[in-house]
Every structure is written in structure tokens, then in C-alpha cells.
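Per-entry structural report
Listed below are the residues making up each chain.
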Amino acid sequence: MRNIVLVLLGLAMVLLPVSGQVALSHSETLKVKDCVRKNVFKGRKYKFQHLPTFEETQKKLPKPIFDEQPDYVKMYWDTWEMVFSQFRQPAKNSPFISNYIDEAYNEALFLWDTSFMTMFCNYGYPYVPGIQSLDNFYYSQMEDGEIVREIDENTGLPRVKWAKPGTPASLNHPILAWAEIESFKITADTSRLQQVYFPLVAHYYAYNKIRDPKSLLFYGSWASMDNSPRLDNMLCGLDTSAELVLFARNLSEIAGIIGLREDSSYFACEAKKMSENINNKLWDGFTNFYYDLNKKGEIHNVKTIAAYWTLLAKIPSKYQASKLVDALKDKSQFNRVHRVPTVPADEPAFEPQGGYWRGGVWTPTNIMVIEGLENYGYIQLAREIALNHFENVYKVYKKTGTVWEFYQPDFIEVGYQKGHRTRPDFTGWTGCVPIKIFIEYVLGIKVNAPDKLINWDIRSDKRIGIEQLQFGDNIISMIADERSQGKRLIKVVAKEAFLLTVTDNENEFVRHMKKGINMFYI
């Protein structure tokens, strides 16, 4: 472990430069200081906010309709009820500035867990403390820009034992900006992007602390996939390196939205350079796959799901993406009973019962795979994987009455590690399945609030739809009646006008929905 010198200044911890990292230029250092100074969250104090209860809020939440399988709707509501038990107010002496959702794992908040939890909480906007949970991370930003992956809920300080600032265990999974973009798709809240942009930029530069000077890739850690077989002899992590590309692309997008054109171009160039570096150093043309970098500076020949972060970050060429897709379709690799295992079945370390990150099926990595596939136009495969994951989570829910931390790849069962079941009632990231994946892939409803657009891909002949879906300032209800004699009635009620694209039986219809009641046949 590198020698780290920490200076504690109130709540801020400053990492002093050490060898084995890439130092910031003078202009970059000044930019970080300026961005931290512009972090509006650091000066805030908590203002009392009532914690919503499920009983009082349920009537305001989106109401799914799926007559083909009503139990899907029951799982949706059961999950929301569990989620509400995880909303928290800051502890009495905590410096936290916002109510938040807790992953219910221990007494800390995890950046990676919380980011994914915001993705299903977006569908409770504006009634639940979803995206605002991240405010507590922005508040905790250190003076050199770092936001640690794990902060104590009572003190607001880094849990140094598990997330020592300046190490790969702390600078891990840089997905805050991705979470903000996902929220923006539903809220269209530009003012929030303006607030989070500067702390995000400072946080981006902090990753130079774990950048290998020789390869210019980023050091990996156990903290990304705790017991993965790749950890032996790994130097630089493919997932962390690809996520930095994603981070740069997200910053470019946010900068463009809030009118910072030079910044947008700069981060787009950053993404391009890092993508080229990953393709040069981590793509193996013999096996047609991406890998980590080992301690000798060579390809670390252990396949894991980390390779698919490259799709989300738009790193591969079309050819490389097609080869990654081949592995996803291969039944001897990633195409198992429950997709997608974190280690393929042809790896010696693969465990059919999951073994945590040695084959377990996890919701966060599945969401990454699904959205990455969509980036490259593999819409049908993305949907197949989403529905496979949803259906298997549902079947286990029917047997056990709850959702779990991870699942087995070769059996429709709860995941096991060393003979023990994983955690039940895990509406940490698994809450994304009965809520986010249900709405987006079973009901087929994708929202684009900034463009006032909804795409609705209908795949059921029974009555299907949703009521009280809020996106931006709009609230809409959409119901497709059961098909009769080859036709069906679509009824839409909208608070504001929007554009609706409906796909039904592969036929596409585009309709301008006006404020009020709209009805048409397809």
C-alpha cells in the first residue's frame, strides 16, 4: 500500500502528493480549488424535512397496470413499502444536510449503492429522498476534490478502515455523474445539474491520485467486486478505468446542458483519449475481450463482467462491441439460466451458486450491461436480459416473499456465498428490478423529460399502462386496453403536452399528446 499522508482540517481531509500517482498541473490544481470553493453543498445546514411514509405517499406514486401478471404489480408495491422503511433523517449530531435512503447494510452510506438506489427512487420524484441522498456525499467533499466511497452516517467522515482517502478502495466506482444524468432524464431539473457540476469536476480530478503513471490507467481494488478472481495480481482495474471515461462523457453532457461549451469539449476530448488508451492496453485481440492490467503491465487474463463497463462508456468499436455481445449470448460463458453472472461459466473460479462476485448475478452490473447494449443498438438483447433478470427475481420473490442482494446464475435461487444465503429485503440496488426495470422493460415506458418525450414499447395484448407518472413538470396516465379484433384503444391523460411514440407489434405510432384527455386506436 502506498504511503499516504493525511491532514485533518475539520471535516476536510487533504491528500498530499506521493509517488505512484499522476500529479495535477498547476492550472488543474487551481481549477480543483475553484470547483471545491463553488461546491454549494459544503456550506449548507440540515433543514428539517418530514420523512415520507408509504401509507401517505402511495397514492402519489406511479401506479402500474399489467393485467397479464398482476403479481408483478404486487411485487412493485411490496418493494416500495420496503424502500420506505429505509428512508432516514440525519442522526442527531450528524453533519448530513439532507434526508436520504439507506442501503441498510451497516452504519455507513456507500456511494456506489446510493447512486443505484437513486435510479429507482427517480420514479418517486418528487415525493421521496432519492437523488438528494447524494447531497451528503457532496457535502463531505475533501479540499482536494475527493469524495470517498463510504461515509459514516453519524460523523459524516470517511470510514478510513474501509475507504482510506487517496486509495483505490476510496476512489472507487466514479458513477455520481451517471446517477445525476439518470435523474435528469426524469426530472429535467437543470438547476440541480448547475449545483452538482463543480463538485463533480473536482471529484473527477481527484482520480489522478490512483492513476498509474506508466499506463495512465487507474488502479483497481477489492472494493469494486469484493472477492472477484481477478483480484490476484491485478494492478489497474478495467471497470474503474472505463468508469472514468463514462465520468468524462457525463461531465461533457452536463457542461453542454448548463451552457459551458469549452468544458463540454474538454471532457469529450478526455473521454476520447482515455478510450484510446483502454483499447490499446486492455483489449485482447486473440480472445476478443477486455481485461484488467496485471502487475507486470500486461493483460490480466481473467474474464469478468467488468468488461461491459466499456459499452456503457462507449469505448469499443462496433466490431469490439459485437464480440462482447457474442460472449453475452454464449451459454458456456455469460448466457446462463439467470443472466448475467459476474464471472463467466468457463472461468475456473466460477461458482454456480453465485459465490458473491465469483458468478453471482447482481442488479447494478445488470443495469450497466443493459444500458451499455442500448448504446450500441442491441435493443432486443438488452430487453431479453432485463426481462430474464426481472422474471428470475420475481420467481424468487414468489418463493421467499422478498428481494435479495444477489442471485445464483445457474439456478432460480437466492445467491449463496460459502454456504450462507445473501441478504434478504435488499432494496438497496435490487429495488431497481421491481420498480425501474418493471416500468422501463416490462411496461416498456422510457421517459425523456428534457425533450418532453415518452417512448412506449408495448409487448402485452392485455391491458397495460401506468397512472400518475411524473416527469419534469408533467404528470401523465397512459392505458392501453386489451387488444380486440386486432385493435386497441390508447387513453392518455396529461397535465402538459408531450410527444408520445408507441410501438405495438413492431408497428410504430407517433402522437402529439395535448394537455388533458387524449384517445386513439392503434
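Residues numbered from 1 in each chain as written. Predicted model: local features only at pLDDT ≥ 70, side-chain atom pairs only at ≥ 80, totals over all residues. Heavy atoms only, no water.

**Observations concerning the overall build of the chain**
- Helix and strand counts for the chain come out as 14 helices and 22 strands.
- A globule of 522 residues ought to have a C-alpha radius of gyration of about 24 Å, and the chain, at 23 Å, matches this closely.
- Projected onto the principal axes, the alpha-carbon positions of the chain cover approximately 70 × 55 × 45 Å.
- Going through the 522 residues of the chain one by one, you find that 60% of them count as buried. (Helix = DSSP H or I, 4+ residues; strand = E, 2+ residues; numbered from the N terminus. Rg over C-alpha atoms; globule rule 2.2 N^0.38 Å. Buried < 20%, exposed > 50% of the residue type's maximum accessible area, 1.4 Å probe, protein only.)

**What to know about the environment of L500**
- The topology assignment puts L500 in strand β20 (residues 498-504).
- C-alpha of L500 to C-alpha of I454: the two residues are 46 residues apart in sequence and 5.0 Å apart in space.
- Discounting chain neighbours no more than four positions away, the residues touching L500 are I454, W456, M478, V492, F509, V510, R511, M513 and F520. (Contact = heavy atoms within 4.5 Å.)

**Brief notes about the packing of helix α6 (residues 176-187) against helix α8 (residues 238-257)**
- In the contact formed by α6 and α8, the axes pass within 9 Å of each other and the chain directions differ by 45°. In this view, α6 runs oblique relative to α8, as classed from their interaxial angle. Crossing angle aside, the handedness with which α6 passes α8 is left-handed. Contacts from A177, W178, I181 and F184 in α6 reach L246, F247, N250, E253, I254 and I257 in α8.
- Partitioning the contact of α6 with α8 into residue classes produces eight nonpolar, one polar and one charged. (Axes fitted to C-alpha atoms, helices over the stretch in contact; angles between N-to-C directions. Parallel < 35°, antiparallel > 145°, perpendicular 65-115°, else oblique. Left-handed = near helix turned anticlockwise from the far one by under 90°. Nonpolar A, V, L, I, M, F, W, Y, C, P; charged D, E, K, R; others polar.)

**Focus on the side chain of N99**
- Relative to the helices and strands, N99 resides in the loop between β4 (87-88) and β5 (100-101).
- At 3.0 Å, the side chain of N99 forms a polar contact with the backbone oxygen of Q49.
- Setting aside anything within four residues of it in sequence, one finds N99 in contact with Y46, Q49, H50, L51, R88, Q89, P90, P129, Q132, S133 and N136. (Polar contact = N/O pair within 3.5 Å; in protein donor to acceptor, adjacent residues only side chain to side chain.)

**Considering the environment of Q417**
- Relative to the assigned elements, Q417 resides in strand β13 (residues 416-417).
- The class of Q417 is partly exposed, set by a relative accessible area of 27%.

**Section: the sheet that holds strand β21 (residues 507-513)**
- Read from one edge of the open sheet, four strands run β15-β16-β20-β21, paired in mixed fashion. Edge positions in the open sheet fall to β15 (445-448) and β21, since each of these has one partner strand only. Here the strands of the sheet are splayed against their neighbours by 15° on average, with no regard to which way each runs. (Pairing = 2+ DSSP bridges.)

**Some details on the sheet that holds strand β3 (residues 63-66)**
- Taken in spatial order, the five strands line up as β3-β17-β18-β19-β22 in an open sheet, and their pairing is antiparallel. In this open sheet, the two strands that pair with only one neighbour each are β3 and β22 (516-521). For this sheet, the mean inter-axis angle between neighbouring strands, taken without regard to orientation, is 10°.
- In terms of strand pairing, strand β17 (residues 464-471) meets strand β18 (residues 474-480) through six bridges, oriented antiparallel. From the neighbouring strand, Q470 faces β18, where its bridge partner is I475.

**A look at the confidence of the model for the chain**
- Predicted confidence across the chain gives a mean pLDDT of 94, with 96% of residues reaching 70 or more.
- Note on residues 1-19: pLDDT is under 50 here. Beyond four places in sequence and across chains, it has 47 contacts. (pLDDT = per-residue confidence, 0-100.)

**Some thoughts on helix α9 (residues 261-282)**
- With 22 residues, α9 extends 31 Å between its outermost C-alpha atoms, agreeing within 8% with the 32 Å of an ideal straight helix rising 1.5 Å per residue.
- Here α9 has its buried residues at D263, S264, F267, E270, A271, M274, S275, N277, I278 and L282. Within α9, the buried residues cover an arc of 165° as seen down the axis, which keeps them to one side. For α9, the exposed residues set more than 90 degrees away from the buried face come down to R261, E262, K272, K273 and N280. (Expected span 1.5 Å × (residues − 1). Arc of directions from axis to C-beta.)

**Description of helix α13 (residues 379-400)**
- An ideal rise of 1.5 Å per residue puts 32 Å on 22 residues; α13 measures up with 31 Å between its terminal C-alpha atoms.
- G401 sits one or two residues past α13 and shows a positive phi near 80°.

**Here we look at the pattern of salt bridges**
- On inspection of all chains with the given rule, the structure shows 34 salt bridges.
- One salt bridge connects K399 with E413, and the closest N-O pair in it is separated by 3.0 Å. One end of the pair, K399, is in helix α13; the other, E413, is in the loop between α13 and β13, with 14 residues separating them in the sequence.
- The class for E413 is partly exposed, based on a relative accessible area of 34%.
- The network of salt bridges with common partners includes E182, K185, E371, K436 and E440. (Salt bridge = Lys/Arg side-chain N within 4 Å of Asp/Glu carboxyl O.)

**Things to note about unusual backbone geometry**
- Residues Y125 and P126 are joined by a peptide bond in cis, for which omega reads 0°.
- Of note, P126 is situated in the loop between α4 (111-121) and α5 (135-139).
- V340 follows R339 through a cis peptide bond whose omega is 5°.
- Relative to the assigned elements, V340 resides in the loop between α11 (318-329) and α12 (363-375).
- Even without being glycine, Q468 reaches a positive phi, approximately 60°.

**Topic: the nonpolar core**
- Judged by nonpolar contacts, the single largest core of 158 residues is most densely connected at Y308, W309, I445, W456, F498 and L500.
- With ten residues, the single largest contributor to this core is α8. (Core = buried A, V, L, I, M, F, W, Y, C linked by side-chain atoms within 4.5 Å.)

**Re the packing of α6 against helix α7 (residues 190-206)**
- Axis separation between α6 and α7 bottoms out at 10 Å; the angle between their running directions is 170°. For the element pair α6 / α7, the angle class is roughly antiparallel. Residues L176, A177, E180 and F184 of α6 touch α7, and the partners they reach there are T190, R192, L193, V196, L200 and H203.
- Residue classes in the contact of α6 with α7 are distributed as six nonpolar, two polar and two charged.

**Section: the packing of aromatic side chains**
- Under the definition given, this model contains 41 aromatic pairs.
- Their ring planes at 75° and their centres at 6.4 Å tell us that W80 and F120 sit as a pair that is edge-to-face. Within this pair, whereas W80 is found in helix α3 (residues 70-84), its partner F120 is found in helix α4, the two being separated by 40 residues in sequence.
- Look at W362 and W429: their rings are 5.7 Å apart centre to centre, the planes differ by 75°, and that puts the pair in the edge-to-face class. Highlighted residues: W362 in the loop between α11 and α12 and W429 in the loop between β14 (420-421) and α14 (433-442), separated in sequence by 67 residues.
- On the accessibility criterion, W362 (1% relative accessible area) is buried.
- Judged by relative accessible area, W429 falls into the buried class, the value being 4%. (Phe/Tyr/Trp six-rings, centres within 6.5 Å; stacked < 30°, edge-to-face > 60°.)

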